[in-house]
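# Understanding the architecture of this molecule
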Amino acid sequence: MGPEDPVGLVELERLAVGLAVGAGRLVRQERPDGLGVARTKSTDLDVVTVMDTRSEEHLRGRLAELRPHDGVLGEEGTGISGTSGLTWVLDPIDGTVNYLYDLPGYAVSVAVVEGDPTTPGAWRPLAGAVANPSTHEVFHARRGGGAWLSWFGTEADPGAGSGPTGKGGPVPLCVTDVPDLSQVLLATGFAYDREVRAGQAEVVADLLPRVRDIRRAGAAAVDLCHVAAGRVDAYYEAGCHVWDIAAGTLVVTEAGGVVTGLGRDEPPSEAMTVAGGASAHALVLDELKVLRGTSGRTTPSG
Ligand code: IPD
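Now for a look at the structure at hand. (Residues numbered from 1 in each chain as written. Predicted model: local features only at pLDDT ≥ 70, side-chain atom pairs only at ≥ 80, totals over all residues. Heavy atoms only, no water.)

## Looking at the site of the ligand
Surveying the vicinity of the ligand reveals 15 residues, the closest of which are Asp94, Gly95, Tyr192, Arg216 and Glu237. Measuring from an oxygen atom of the ligand, one finds a backbone N or O atom of Gly95 at 2.8 Å. One nitrogen or oxygen atom from the side chain of Glu237 is found 2.6 Å from an oxygen atom belonging to the ligand. Out of a free accessible area of 380 Å², the ligand has 93% covered by protein chains. Looking at the shell around the ligand element by element, the count peaks at three residues for strand E5 (residues 86-94). (Near = heavy atom within 4 Å. Polar contact = N/O pair within 3.5 Å; in protein donor to acceptor, adjacent residues only side chain to side chain. Areas by Shrake-Rupley, 256 points an atom, 1.4 Å probe, with all protein chains shown as cover. Helix = DSSP H or I, 4+ residues; strand = E, 2+ residues; numbered from the N terminus.)

Below is the structure:
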């Protein structure tokens, strides 16, 4: 905090990184052998493990110590209203199905937002971090500060904190510039509702022959960070909740990209999230507007 940073964005980013990395280490190191499904939510496919709950409890506890005046909104039920006007939006494990199967593409997503995170378009992320403990990567950003990738070690692999370059980062992130749909590597995700998936499959079937290829990594927060890092050119998904996208959205925009809903001026919401470099974003948005208009089964599951 100071005249050049009146809101304390540098400190908020540092906290977001520390929280996401701490919870990331927890879920990686304390993943039980024979991890199972603790309960299901919206459908039989929408699962929660014991570690989703533990990770959220851990984050909630840290925030109670560090930021007692801020609100907290978490995927697994935390809803604490604060007095500061800031709310921490938590996804304790994004990509829970990947985690359940011990596939690497899951992450802890932590964002601090101003406004009302329960209403699309009524919140703005100030700082955020997405930590993927299986790749030892943490993607992070603060408003106006650029988007960055750093590395962190775990108990099993402490040396991984120095990253592939021999340093822990941070390295700057930048989206791609791909002006031709046929060259767009496009990430997406699917809902937990089988009916909704049928409509999403129609959209993918139409797009697949016309783009470079499709990727389905299984975690919206990771997909968004991959857009920011130029590992894919664009991403779209219906059914994302604010905790899936709050941190990743900031990482993309700070990497020079665009994140919207199904219109150029619409905010991302459960109805649709579209992200990419400006050119790929515009191309994908135009396609989705047409395709979703022709399919009657693409309603998000919520
Ligand atoms: C989500 C689910 C969904 C995928 C999303 C993820 P979560 O993870 O895996 O199928 O398409 O991209 O965010 O929130 O259920 O752990």
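## Describing the nonpolar core
Membership of the largest hydrophobic core comes to 38 residues, with the highest contact counts inside it found for Leu173, Tyr235, Val242, Ala246, Val251 and Val252. Those elements giving two or more residues to this core turn out to be strand E6 (107-115), strand E7 (123-132), strand E8 (137-142), strand E9 (147-151), strand E11 (185-188), helix H5 (220-228) and helix H6 (242-254). Per-element accounting of this core gives the leading share, eight residues, to H6. Excluding residues that lie within four positions of it along the chain, Ala246 makes contacts with Val89, Ala111, Val113, Trp123 and Pro125. If you look at the next biggest cluster of nonpolar residues, it comprises 33 residues, including Val27, Trp88, Val112 and Val138. (Core = buried A, V, L, I, M, F, W, Y, C linked by side-chain atoms within 4.5 Å. Buried < 20%, exposed > 50% of the residue type's maximum accessible area, 1.4 Å probe, protein only. Contact = heavy atoms within 4.5 Å.)

## Here we look at the side chain of Asn98
Note on placement: Asn98 falls in helix H3 (residues 96-100). A distance of 2.9 Å separates the side chain of Asn98 from the backbone oxygen of Ala217, its partner in a polar contact. Those residues in contact with Asn98, other than ones at most four positions away along the chain, are Leu103, Gly105, Tyr106, Ala217 and Gly218.

## Section: the pattern of salt bridges
Applying the stated rule across the entire model yields 15 salt bridges. Across the pair Arg39 and Glu76 runs a salt bridge, and its minimum N-O distance is 3.5 Å. Remark: Glu76 occurs in the loop between strand E3 (71-74) and strand E4 (79-80) and Arg39 occurs in strand E1 (residues 39-40); sequence separation between them is 37 residues. Arg39 sits in the partly exposed class, given a relative accessible area of 40%. With a closest N to O distance of 2.6 Å, Arg231 and Glu137 form a salt bridge. Linking Arg231 in the loop between H5 and strand E13 (234-237) with Glu137 in strand E8, this pair joins segments that are 94 residues apart in sequence. The exposure class of Arg231 is partly exposed, given its relative accessible area of 36%. (Salt bridge = Lys/Arg side-chain N within 4 Å of Asp/Glu carboxyl O.)

## What about the packing of H5 against H6?
Relative orientation of the contacting elements H5 and H6 amounts to 0°, with a least axis distance of 8 Å. With respect to H6, the axis of H5 lies roughly parallel. Counted together, Ala220, Ala221, Leu224, Cys225, Val227 and Ala228 of H5 and Asp244, Ile245, Gly248, Thr249, Val251 and Val252 of H6 form the full contact between these two elements. Of the residues contributing to the contact of H5 with H6, the split by class is nine nonpolar, two polar and one charged. (Axes fitted to C-alpha atoms, helices over the stretch in contact; angles between N-to-C directions. Parallel < 35°, antiparallel > 145°, perpendicular 65-115°, else oblique. Nonpolar A, V, L, I, M, F, W, Y, C, P; charged D, E, K, R; others polar.)

## Overview of a nonpolar patch on the surface
Judged by side-chain polarity, Val97, Tyr101 and Leu103 come together as a nonpolar surface patch covering roughly 310 Å² of accessible area. Tracing the backbone through its elements, the reader meets Tyr101 in the loop between H3 and E6. (Patch = residues over 30% accessible without salt bridge, like charges linked within 9 Å, V, L, I, M, F, W, Y side chains within 5 Å.)

## Side note on the sheet that holds E8
An order of E4-E3-E5-E6-E7-E8-E9-E10 is seen for the eight strands of this open sheet, with the pairing classed as mixed. Strands at the two margins of the open sheet, each flanked by one partner only, are E4 and strand E10 (171-172). Inspection of the sheet shows E8 paired to E9 by five bridges, in the antiparallel sense. In the sheet register, Ala141 faces E9, and the bridge partner there is Ala147. Across the sheet, helix H1 (residues 9-29) touches E5, E6, E7, E8 and E9, and the angle it forms with E7 is around 35°. Of the strands in this sheet, E3, E5, E6, E7, E8 and E9 touch H6, which is tilted by about 95° from E7. (Pairing = 2+ DSSP bridges.)

## Considerations on the pairing of E9
For a regular strand, side chains alternate in direction, first toward one face of the sheet and then toward the other. By the criterion of burial, E9 is predominantly enclosed, with four of the five residues buried. Counting the residues that bridge the hairpin from E8 to E9 gives four residues, and of these Gly144 lies at a positive phi of roughly 80°. Two elements, E9 and E10, share two bridges in a ladder whose sense is antiparallel. Residue pairing for E10: Leu149 is matched across the bridge by Val171.

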